[in-house]
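# Analysis of the macromolecular model
Chain by chain, the residues:
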Amino acid sequence: MTGSQVFFRDYATRLQATLEAADLSPVGTLAEAILEAWRAGRCVYLCGNGGSAGNAIHLVNDLIYGAVQGRGPGVRAHALSANAAVLTCLANDTDYSEVFALQLQTFGQPGDILLALSGSGNSPNILKAIEAGRALGMKTFAVLGYSGGKARTLVDVPIHFPVDDMQISEDLQLVVGHMVMQWLMAETAKHP
């Protein structure tokens, strides 16, 4: 094997080992909560920074369309990281730590869901979003890496992968999202 092949095999092994060692029961809790919210007409909000922001946008697409693929209306879902004009306005006029919380205070309703995506679990804007969601009576979830940070104890349901690697943490955010999307697709096919 070449040096790059060894490196890539090591990455794949670490990703696989982290996933295999994980307790996936909180993923089931998230999936069931999203199904319940979907059927009740509630909204699912996602947020994250950097790569996690991109993952939030990606997973919203999967909830809006991928879970139903044209068989009916999808999950009412919104990525709080998606609107650059809103983000830059709020960051400029208030503080970057408020960019998600202020959106939730405008749109969030009791019974809605917040899914925060974070490697460290310590980003101030993620923590404030969770606090705002809880204050509104939303169900709060987070997909976290590293130690899980402060978010791990702040959310109702943490989905924690104890891996000290940002890229693997971000990979696992999509894995969780895709697991949920495919489960929703299977459930709605059985029970439209």
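Here, residues in each chain are numbered from 1, in the same order as that chain's written sequence. For this predicted model, a pLDDT threshold of at least 70 governs which residues receive local features, and a threshold of 80 or more governs which side-chain atom pairs are given and counted, while totals over whole chains, interfaces and linings are taken from all residues. By convention in this description, side-chain values take in all heavy atoms of the structure and omit both hydrogens and water.

## With respect to the packing of aromatic side chains
Aromatic rings from Phe, Tyr and Trp, with only the six-membered ring used for Trp, were paired whenever their centres fell within 6.5 Å, and each pair was classed as stacked if the ring planes differed by under 30 degrees, edge-to-face if by over 60, and tilted otherwise. Per the stated rule, a full pass over the model turns up one aromatic pair. Ring plane angle 80° and centroid distance 6.1 Å describe the contact between Phe-7 and Phe-8, whose orientation is recorded as edge-to-face. Across the pair, exposure class does not vary: Phe-7 and Phe-8 are exposed alike. Residue burial is assigned from relative accessible area. The probe radius is 1.4 Å, only protein chains are included, and a residue is buried under 20% of its type maximum, exposed over 50%, and partly exposed in between.

## Structural notes on unusual backbone geometry
At Tyr-146, a residue that is not glycine, the phi angle is positive and equals roughly 50°. As for its position among the elements, Tyr-146 is in the loop between strand E4 (139–144) and helix H7 (151–154). Working definition: helices are DSSP H or I runs of at least four residues, strands are E runs of at least two. Numbering for both runs from the N terminus.

## Structural notes on empty space enclosed by the protein
In this analysis, the protein atoms alone were mapped onto a 1 Å grid. Cavities are point sets where a 1.4 Å probe fits without being able to get out; pockets are open sets with protein on both sides within 12 Å along at least five of seven lines; lining residues have an atom within 4 Å of a point. Grid points are joined across faces, edges and corners, and a volume is the space filled by probe spheres set on the points. Counting across every chain of the model gives one cavity of 30 Å³ or more. Quantified by volume, the largest cavity comes out at close to 70 Å³. Forming the walls of the largest cavity are Leu-30, Ile-34, Leu-46, Leu-59, Leu-63, Leu-115, Val-176, Gly-177 and Val-180. Counting residues per element, the ones that place at least two in the lining of the largest cavity are helix H2 (25–39), helix H3 (51–66) and helix H8 (166–190). Residue contributions to the lining of the largest cavity peak at three residues, all from H8. Among the residues making up the lining of the largest cavity, the classes are represented as eight nonpolar, one polar and no charged. For this scheme, ten residues count as nonpolar: Ala, Val, Leu, Ile, Met, Phe, Trp, Tyr, Cys and Pro. Four count as charged, namely Asp, Glu, Lys and Arg, and the remainder, Gly too, count as polar.

## Quick word on the pattern of salt bridges
A side-chain nitrogen of Lys or Arg and a carboxyl oxygen of Asp or Glu constitute a salt bridge if their distance falls within 4 Å. Summed over the entire model, instances satisfying the criterion amount to six salt bridges. With a shortest N-O distance of 2.9 Å, Glu-187 and Lys-190 are connected by a salt bridge. In this pair, Glu-187 and Lys-190 are both assigned in helix H8, three residues apart and thus about one turn of the helix distant. Judged by its relative accessible area of 54%, Lys-190 is exposed. Because the salt bridges share partners, they merge into one network encompassing Asp-10, Arg-14 and Asp-165.

## Remarks on the environment of Gln-105
In this fold, Gln-105 is placed in helix H5 (residues 101–107). Residue classification places Gln-105 among the partly exposed positions, given a relative accessible area of 47%. Put simply, Gln-105 and Ala-53 are 52 residues apart on the chain and 19 Å apart in space, counted from C-alpha to C-alpha.

In short, the description is geometric, and any link to function would need to be established separately.
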